[in-house]
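Observations on the model geometry
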Amino acid sequence: MSPERLSGAQDYEDLLNKYDTWMFDCDGVLWRGNELIDGVTEVLQLLRSRKKQIIFVTNNATQSRNTYKKKFDKLGLEAHVDEIFGSAFASAIYLSSVIKFPKEKKVFVIGMPGLEEELRAEGIKHVGGSDPADNTLEPFTPSSFSPDPDVGAVLCGLDTSINYTKLSKAFIYLQNPSCLFLATNEDSTYPTAGALLPGAGAISAPLRFALGKNPASIGKPARTMLDCIKAKHDYDPSRTIMVGDRLNTDILFGKEGLLSTLLVLTGITHEEEVFGANPSPIVPDYVTRSIGDFRALI
Ligand SMILES: C[C@H](OP(=O)(O)O)C(=O)O
Ligand SMILES: [Mg+2]
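Everything quoted here is computed from the prediction, not taken from an experiment. Each chain carries its own residue numbering, running from 1 in the direction its sequence is written. Here the convention is simple: chains get letters from A, ligands get numbers from 1, in the order in which they are written. For a predicted model such as this one, the threshold for reporting local features is a pLDDT of at least 70, and the threshold for listing and counting side-chain atom pairs is 80 or more; totals across whole chains, interfaces and linings nevertheless cover every residue. Side-chain measures here rest on the full set of heavy atoms in the structure, leaving out hydrogens and waters.

Observations concerning the packing of helix α4 (residues 87-98) against helix α5 (residues 113-121)
- α5 packs onto α4 with a crossing angle of 35° between their chain directions and a minimal axis gap of 8 Å. When you trace α4 past α5, the crossing you get is right-handed. Contacts between α4 and α5 involve Ala88, Phe89, Ser91, Ala92 and Leu95 on the former and, on the latter, Gly114, Leu115, Glu118 and Leu119.
- Three categories are distinguished: nonpolar for Ala, Val, Leu, Ile, Met, Phe, Trp, Tyr, Cys and Pro, charged for Asp, Glu, Lys and Arg, and polar for the others, with Gly belonging to the last. Here the contact of α4 with α5 is composed, by residue class, of six nonpolar, two polar and one charged. Angles here are taken between N-to-C directions and fall from 0 to 180 degrees, while the axes themselves are lines fitted to C-alpha atoms, restricted in helices to the stretch in contact. Strands are runs of DSSP state E lasting at least two residues, helices are runs of H or I lasting at least four, and both sets are numbered from the N terminus onward. Should the near helix be turned anticlockwise from the far one by less than a right angle, the crossing is left-handed, and should it be turned clockwise, the crossing is right-handed. In this description, contact between two residues means that some pair of their heavy atoms is separated by no more than 4.5 Å.

This is the structure in structure tokens:
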């Protein structure tokens, strides 16, 4: 079945009337890096004026909900901390409430301070991450490394300071079969303002290859993000639409969550992946060029 391509004001108006809850992916939908996508400010204001429920659902684990709130504020977008769900927050909830990671155990983190902040907020002990001892380009010498016996999991997210020391320590921990291998998300790429860059999936890839096994991924399309949202917000799936730019995360997440889905072409997915000769088996309900185009209703 082919998706419906939105083509103008009436289509946008019909969608606004059909859905009460709008779940937005962030990178590639609202912004690329720190650059707002044209029209997003006006459209979010329009949705707010129509009393729509808005939830932000990002696989980006580099920031916490609080630092994301600062990003929204800086970009002039109205957002409330309890509307923001990132894979850093989802990972902390997964550890604390879903698998009930033992309080005395620690997580070895490959990731940014935002991920560490969310782990701390959930009382999850952790090592690695922004530890200066790990953020080095010095050669890694195993004899100088005494693995922490309390580490019971490795959690890998996008880490723009990735290095051989971090990968080596994670690899050593993960050779213990009882050490959990977790990923905040496995997006292969990361759309920034200037370029498409390697995503979190490309950061955990060396470990996947070296270990010959995949991590349990917590971000979209996995259910954990939706379970986190459900724990905080009531919404009617039949009147909820997930707006995303990536088929194998955002659109699959929406479909598996029994939500309607709107694919935008301002991020990762290209038109021919949906309407071309060999379309993806992941089919969104609707496609439009940009969520900014809804400003035709203003
Ligand atoms: C990490 C980022 O996530 P999003 O905000 O698009 O879920 C991405 O596209 O790689
Ligand atoms: Mg995206």
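Examining empty space enclosed by the protein
- Both site types are read off a 1 Å grid over the protein atoms alone. A 1.4 Å probe that fits but cannot get out defines a cavity, while an open set with protein on both sides within 12 Å along at least five of seven lines defines a pocket; lining residues have an atom within 4 Å of a point. Grid points are joined across faces, edges and corners, and a volume is the space filled by probe spheres set on the points. Counted by the stated rule, this structure contains two cavities of 30 Å³ or more.
- Quantified by volume, the largest cavity comes out at close to 150 Å³.
- If you trace the largest cavity, you find 18 residues lining it, with Asp27, Asn59, Asn60, Asp187 and Tyr190 closest to the centre.
- Broken down by element, the residue count for the lining of the largest cavity peaks at three residues, all from strand β11 (residues 189-191).
- Of the residues in the lining of the largest cavity, the class split is five nonpolar, six polar and seven charged.
- Reported domain spans reflect what an automatic or database domain assignment gives. Split by domain, the lining of the largest cavity shows at least three residues from each of two domains, domain 1 (4-59 + 221-297) and domain 2 (95-217).
- In this model, the second largest cavity occupies a volume close to 40 Å³.
- Considering the residues around the second largest cavity, the lining is formed by Phe101, Pro102, Lys103, Lys105, Gly123, Ile124 and Lys125.

Describing the UniProt feature "active site" (unreviewed entry) in the protein chain
- UniProt positions are given in the numbering used here, feature names are shortened, and annotations may be inferred rather than shown by experiment. Using the residue numbers shown here, the UniProt feature "active site" (unreviewed entry) corresponds to Asp25 and Asp27. Those annotated residues from the list above that line the largest cavity are Asp25 and Asp27.
- Looking at where Asp25 falls in the secondary structure, it is placed in the loop between β2 (21-24) and β3 (31-32).
- Summary of the burial criterion: residues with accessible area below 20% of their type's maximum are buried, those above 50% are exposed, and those between are partly exposed, where the area comes from a 1.4 Å probe applied to protein chains only. Residue classification places Asp25 among the buried residues on the basis of a relative accessible area of 5%.
- With sequence-adjacent residues up to four places away left out, Asp25 is seen in contact with Leu30, Val57, Thr58, Lys220, Met242, Val243, Gly244, Asp245 and Asp250.
- In protein, a polar contact requires one atom able to donate a hydrogen and another able to accept it; more generally it is a pair of N or O atoms within 3.5 Å, and residues adjacent in sequence count only if both atoms are side-chain atoms. Side-chain polar atoms of Asp25 contact the side chain of Lys220, separated by 2.8 Å.
- With respect to the helices and strands, Asp27 occurs in the loop between β2 and β3.
- Leave out the neighbours within four places in its chain, and Asp27 touches Gly33, Thr58, Asn60, Tyr68, Tyr190, Pro191 and Asp245.

A closer look at the sheet that holds strand β16 (residues 286-288)
- Strand pairing is defined by DSSP finding a minimum of two bridges between the two strands. As summarised here, the arrangement of the seven strands in space is β1-β16-β15-β14-β2-β5-β6, forming an open sheet in which the pairing is parallel. Bordering the open sheet on either side are β1 (4-5) and β6 (84-86), each of which pairs with just one other strand.
- Pairing analysis gives four bridges linking β2 to strand β5 (residues 53-58), with the strands arranged parallel. Bridging from a neighbouring strand, Met23 pairs with Ile55 of β5.
- Contacting β5 and β6, α4 crosses the sheet at an angle of about 75° to β6.
- Packed onto the sheet, helix α8 (residues 224-232) meets β2, β5 and β6 and runs at close to 155° relative to β6.

With respect to the UniProt feature "binding site: Mg(2+)" (unreviewed entry) in the protein chain
- Within this structure's numbering, the places UniProt gives as "binding site: Mg(2+)" (unreviewed entry) are Asp25, Asp27 and Asp245. Sequence-wise these annotated residues cover 221 residues; spatially they are packed, their C-alpha atoms never more than 8.0 Å apart. Considered against the largest cavity, the annotated residues that line it turn out to be Asp25, Asp27 and Asp245.

Quick notes on the nonpolar core
- For the purposes of this section, nonpolar cores are sets of buried Ala, Val, Leu, Ile, Met, Phe, Trp, Tyr and Cys residues that join through side-chain atoms within 4.5 Å. One finds Trp22, Phe24, Leu30, Phe56, Phe72 and Ile291 to be the most contacted residues of the largest nonpolar core, which totals 33 residues.
- Breaking this core down by element, the ones donating at least two residues are α1 (9-18), β2, α2 (40-49), β5, α3 (65-75), β14 (240-244) and β15 (260-264).
- Phe72 has contacts with Cys26, Leu30, Trp31, Phe56, Leu77, Ala79 and Ile84, leaving out every residue within four places of it along the chain.
- Membership of the second largest hydrophobic core comes to 30 residues, among which are Tyr94, Leu119, Ile124 and Met225.

Considering the pattern of salt bridges
- Between Lys or Arg on one side and Asp or Glu on the other, a salt bridge is scored when a side-chain nitrogen of the former is within 4 Å of a carboxyl oxygen of the latter. Within the structure shown, the criterion is met by 18 salt bridges.
- Two residues, Arg5 and Glu271, come together in a salt bridge whose shortest N-O distance is 2.4 Å. With Arg5 in strand β1 and Glu271 in the loop between β15 and α10 (272-275), this residue pair connects regions lying 266 residues apart in the sequence.
- Arg5 gets classed as partly exposed once you look at its relative accessible area, which sits at 42%.
- Between Arg208 and Glu186 there is a salt bridge, and its shortest N-O distance comes to 3.0 Å. Of the two residues, Arg208 sits in helix α7 (residues 200-211) while Glu186 sits in the loop between β10 (180-183) and β11, which places them 22 residues apart along the sequence.
- Residue Glu186 is classed as partly exposed on the basis of its relative accessible area of 31%.
- Through salt bridges that share partners, Asp25, Lys220 and Asp250 make up one connected network.

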